Amino acid sequence: IEFAYVLNDGQPINMIRLMGLKVIFSKQLPNMPREYICRLLLDRRHRSCALVGRNGAVLGGITYRVFPQQGLGEIAFCAVAASQQVRGFGTRLMNHAKAMARDRDGIRYFLTYADNNAVGYFKKQGFTREITLPRDRWVGFIKDYDGGTLMEAVLHPKLPYTG
Ligand code: ACO
């Protein structure tokens, strides 16, 4: 398996991976409308970290919007295929997403509205309910989302997240 940095830059390999992410997110996040998932995946301000299997199939991913001025990344979607869950891929995926967001996009803070059933997962990935980023750097930027718990992870400037 590998972890790939994916964006809508017109490259065929990236388009194929974006379509693979769409399939995973649509299945694993049934409350998200499919059109909304597609729109964000294709939006050029969004980046994804994709878990890619040996045969090239996408097995999971994390998609985030980059706010360059704020050093902020908003995680919109995070999922692993049902057949691959509880095998540690979710943790490795988040570590790779943190490293990519920090090193390629200049992100220092990840924010996300965690689904209630995923709060435990995000806690294990270092996310807290306490938001240390000053309000004026995120209120009005990230999407307000009913029913989720807003959580933050501060990215360490030097930590080698991916070993
Ligand atoms: N609640 C509590 N703990 C959890 C949960 C959970 N829902 N899911 C995983 N964990 C724990 C595991 O027990 C493990 O703990 P351990 O390290 O002590 O053993 C740790 O978190 C990591 O587990 P992984 O095997 O790395 O995680 P996995 O590959 O199963 O991926 C994920 C976790 C992405 C949440 C997956 O279960 C999934 O796709 N779920 C469905 C979609 C979903 O809910 N996504 C998040 C929605 S919120 C959003 O997208 C912004």
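A brief look at the structure comes next.

What counts as what
Residues numbered from 1 in each chain as written. Predicted model: local features only at pLDDT ≥ 70, side-chain atom pairs only at ≥ 80, totals over all residues. Heavy atoms only, no water. Helix = DSSP H or I, 4+ residues; strand = E, 2+ residues; numbered from the N terminus. Rg over C-alpha atoms; globule rule 2.2 N^0.38 Å. Contact = heavy atoms within 4.5 Å. Areas by Shrake-Rupley, 256 points an atom, 1.4 Å probe, with all protein chains shown as cover. Lys, Arg positive; Asp, Glu negative; His and termini not counted. Charge placed at Lys NZ, Arg CZ, Asp CG, Glu CD. Expected span 1.5 Å × (residues − 1). Buried < 20%, exposed > 50% of the residue type's maximum accessible area, 1.4 Å probe, protein only.

## Details of the overall build of the protein chain
Here comes step 1: Of regular secondary structure, the protein chain possesses four helices and six strands.
Here comes step 2: A compact globule built from 163 residues would reach a C-alpha radius of gyration of about 15 Å, and the protein chain, at 15 Å, matches this within 12%.
Here comes step 3: Considering only contacts within the protein chain whose residues lie at least 6 apart along the sequence, 66% involve residues at least 24 apart.
Here comes step 4: For the protein chain, the exposed surface amounts to about 8700 Å²; the carbon and sulfur share of it is 50%.
Here comes step 5: Of the side chains in the protein chain, 23 bear a positive and 13 a negative charge, and the two mean positions are spaced by 6 Å.

## Comments concerning helix α3 (residues 89–105)
Here comes step 1: In this model α3 runs 22 Å from its N-terminal to its C-terminal C-alpha over 17 residues, within 8% of the 24 Å that 1.5 Å per residue would give.
Here comes step 2: The set of residues buried in α3 consists of Phe-89, Gly-90, Leu-93, Met-94, Ala-97, Lys-98, Ala-99, Met-100, Ala-101, Arg-102 and Asp-105.
Here comes step 3: Where α3 terminates, the next one or two residues include Gly-106, which has phi positive at roughly 70°.

These figures come from the coordinates and say nothing about function on their own.
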